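Reading the structure
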Amino acid sequence: MKQLHDSLVELIRRASAEIPDDVQAALLRSLEEEKKGTIAESALQIVQRNIELAKQKSQPICQDTGSILFYVDCPVGFDEISFADTAREAVKLATKKGYLRQNSVDSITGKNDGTNVGPGAPTLHFHQHRSPEVAVRLMLKGGGCENVGAQYSLPIERLKADRDLPGCRKVILDAVLQAQGKGCGPGVLGVCVGGDRATSYEFSKQQLLRKLDDRNPVPELDALEQDIVNTANKLGIGPMGFGGKTTLLGVKIGAANRVPASYFVSVSYMCWAFRRQGVTLGADGQIEKWLY
Amino acid sequence: MISLTAPFTEDKIRALKVGDEVAITGVLFTGRDAVHKYLHEGGALPPGVDLRNGILYHCGPVVIKDEQGQWKCVAAGPTTSAREEPYQGQIIRQFGLRGVIGKGGMGERTLAACQEAGCVYLHAVGGAAQVLGECITKVRNVYLMDQFGAPEAIWEFEVKAFPAVVTMDSHGKSLHQEVLAASQAELAKLV
Ligand code: SF4
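A short tour of the structure in this document, coming up. (Residues numbered from 1 in each chain as written. Chains lettered and ligands numbered in written order. Predicted model: local features only at pLDDT ≥ 70, side-chain atom pairs only at ≥ 80, totals over all residues. Heavy atoms only, no water.)

1. Remarks on the sheet that holds strand E7 (residues 264–270) of chain A
All names here are of chain A. As summarised here, the arrangement of the 4 strands in space is E4-E7-E5-E6, forming an open sheet in which the pairing is mixed. Of all strands in the sheet, those with a lone pairing partner are strand E4 (150–153) and strand E6 (248–256), marking the two edges. Shown here is a sheet whose adjacent strand axes are inclined to one another by a mean of 15 degrees, direction ignored. For strand E5 (residues 187–194) and E6, the ladder comprises 8 bridges, and the chain directions are parallel. If you follow Gly194 over to E6, its bridge partner there is Ala256. Here helix H6 (residues 165–179) sits on the sheet and contacts E4, E5, E6 and E7; the angle it forms with E7, its principal contact strand, is near 35 degrees. (Pairing = 2+ DSSP bridges. Helix = DSSP H or I, 4+ residues; strand = E, 2+ residues; numbered from the N terminus. Axes fitted to C-alpha atoms, helices over the stretch in contact; angles between N-to-C directions. Contact = heavy atoms within 4.5 Å.)

Take a look at the structure:
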């Protein structure tokens with residue numbers, strides 16, 4: 001367990017302090033594209049300096065170290081209970097070390113015991129697979145961007161959004177408009193079309209585990225992803241909502257079956273401080289490979 | 001870049017306009033959800049906290065105690081200000097604030113209070129916890145820590161050249177309103 005514990009602490013440290021390569025590449029591109037001498041450009045320069053400093057000092061990129069979400073792919077027979085125990089201990093230590101802010105509050109009493117561990121915190125999702133490999137992905141999902149997530153139940157008359165892909169496009173762009181300024185843009189959207197209320201949000205978040213430069217294997221969704229990025233970047237919302245060219249860095253869309261009566265579109269918004277990292281683990285819990 | 005150095009007088013604040021980039025040097029007090037609700041409900045400022053001609057920072061920092069038992073701020077970016085909209089106008093007027101730092105901008109009532117009382121809304125780069133943390137040269141004190149916990153407590157920071165953009169000024173102008181209107185019009189053309 002010691003090895004696994006150390007590996008998870010290191011996973012948390014790195015997730016909190018280092019931006020994944022795919023996100024960094026997208027941010028650098030947006031810095032190049034922004035008009036010189038604008039407040040949008042200067043915001044993105046501060047973002048870049050911030051990314052460098054955090055990495056160099058091994059400290060949180062953003063002080064809101066977010067909801068702690070583990071996604072674990074594991075083989076049949078894997079001991080989920082002891083993994084979860086170890087993960088909670090790793091979270092406690094990472095918090096003591098300052099990799100994570102004391103960020104978990106009892107919803108009823110308002111008390112924060114400073115450990116980041118409590119009901120639903122951290123959150124662990126286990127997914128069994130046939131391979132012997134254990135892969136652990138971690139997302140730190142900040143509150144500011146989580147608050148601007150949205151779920152639409154189509155049709156929506158106000159937006160002239162019907163139960164079809166053009167309708168999905170309208171509500172997703174509405175979410176971008178509503179989120180402006182609030183979710184620390186430029187951001188990334190994870191979207192799910194379909195599902196029930198809970199699975200729809202859940203799937204939308206899982207889309208954020210995809211790399212920014214991957215392409216959707218479903219042609220309709222791939223086209224929609226590209227279209228939404230392009231359209232959103234014409235709106236002039238820009239970094240931080242200061243006005244400018246980059247409003248979104250990417251959009252990832254998945255679909256889940258729905259019942260005939262429901263048609264949900266759920267949007268999870270991720271800020272520029274996109275903290276996700278992942279590892280595959282060896283038999284003793286040691287880190288074998290970094291995933292992002 | 002305009003340097004905005006304490007004391008934050010009404011004249012200095014009234015001279016600022018939407019779009020100005022400033023570098024703030026002086027003392028900031030943090031306050032977020034719990035503090036706003038507490039003050040709005042008539043809670044008293046703890047002794048030692050003076051907001052008159054002061055700047056309030058919407059921030060829940062990561063602060064740890066070093067080996068010598070000194071507070072050290074390791075991350076300190078802004079939090080979303082919109083949540084404080086129900087309280088902010090009153091707090092600006094009642095406590096004589098000259099500046100509010102946060103992210104995402106605020107609404108009509110805060111804008112009106114800024115105009116009336118001579119206050120500005122300063123937008124810091126959201127998420128830039130490290131860059132902004134570096135500008136904090138000293139953690140002077142912390143208040144209401146037991147009651148609210150570290151992120152929600154009132155921290156007193158000395159800052160040097162803390163960067164922010166004026167997005168709501170004391171003349172009734174708001175960059176947020178402008179960008180919202182323009183982006184809404186643009187979207188109407190594209191859907
Ligand atoms: S939205 Fe993201 S970058 Fe902004 S404060 Fe929250 S976690 Fe940090």
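Still more ground to cover, so stick around.
2. Some thoughts on the packing of aromatic side chains
Evaluation of the coordinates by the stated rule reveals 6 aromatic pairs over all chains. Judged by centre distance (5.7 Å) and plane angle (50 degrees), the ring pair of A:Phe78 and A:Phe83 falls under tilted. Given a relative accessible area of 25%, A:Phe78 falls into the partly exposed group. Among the residues examined, A:Phe83 registers a relative accessible area of 2% and is labelled buried. Between A:Phe83 and A:Phe126, the aromatic rings sit 5.9 Å apart at their centres with planes inclined by 85 degrees, giving edge-to-face as the arrangement. Of this pair, A:Phe83 sits in helix H4 (residues 80–96) while A:Phe126 sits in strand E2 (residues 123–129), placing them 43 residues apart in sequence. Of the aromatic side chains, those joined through ring pairs into one cluster are A:Phe78, A:Phe83 and A:Phe126. For A:Arg276, the ring lying beneath its charged end belongs to A:Tyr292, and the centroid distance is 4.4 Å. Cation over ring: B:Lys65 sits above B:Trp71, and NZ or CZ is 4.7 Å from the ring centre. (Phe/Tyr/Trp six-rings, centres within 6.5 Å; stacked < 30°, edge-to-face > 60°. Buried < 20%, exposed > 50% of the residue type's maximum accessible area, 1.4 Å probe, protein only. Lys NZ or Arg CZ within 6 Å of the ring centre and 35° of its normal.)

3. Examining the side chain of A:Arg210
Residue and element names in this part refer to chain A. As for its position among the elements, Arg210 is in the loop between helix H7 (197–206) and helix H8 (219–232). A residue is classified by how much of its surface remains accessible, and Arg210, at 17% relative accessible area, is buried. Within polar-contact distance, the side chain of Arg210 engages the side chain of Gln207 at 2.9 Å. Once you skip the residues sitting within four places of it in the chain, Arg210 turns out to touch Arg215, Asn216, Glu225, Lys252, Ile253 and Arg276. (Polar contact = N/O pair within 3.5 Å; in protein donor to acceptor, adjacent residues only side chain to side chain.)

4. A closer look at the pattern of salt bridges
Residues and elements named next belong to chain A. Applying the stated criterion across every chain yields a total of 31 salt bridges over all chains. In this structure, the salt-bridge partner of Glu18 is Arg13, at a minimum N-O distance of 3.8 Å. Judged by relative accessible area, Arg13 falls into the buried class, the value being 14%. Members of the salt-bridge network, linked through shared partners, are Glu10, Arg13, Arg14 and Glu18. (Salt bridge = Lys/Arg side-chain N within 4 Å of Asp/Glu carboxyl O.)

5. A closer look at the interface of chain A and chain B
On the side of chain B, 41 residues touch chain A, which itself brings 40 residues to the contact. Interface of chain A and chain B: buried area, both sides summed, is about 3,400 Å²; carbon and sulfur atoms make up 64% of it. Counting across the interface, chain A meets chain B through 1 salt bridge. Between A:Lys57 and B:Glu134 there is a salt bridge, with the nearest N and O atoms lying 2.8 Å from each other. Counting across the chain A and chain B interface gives 15 residue pairs in polar contact (both at pLDDT 80 or more). Counting residues per element, the ones that place at least two in the side of chain A that touches chain B are helix H3 (39–57), helix H5 (143–147) and H6 of chain A. Per-element tally for the side of chain A that touches chain B: the top contributor is H3(A), with 10 residues. The class makeup of the residues in the side of chain A that touches chain B is 17 nonpolar, 15 polar and 8 charged. (Buried area = accessible area lost by both parts, 1.4 Å probe. Nonpolar A, V, L, I, M, F, W, Y, C, P; charged D, E, K, R; others polar.)

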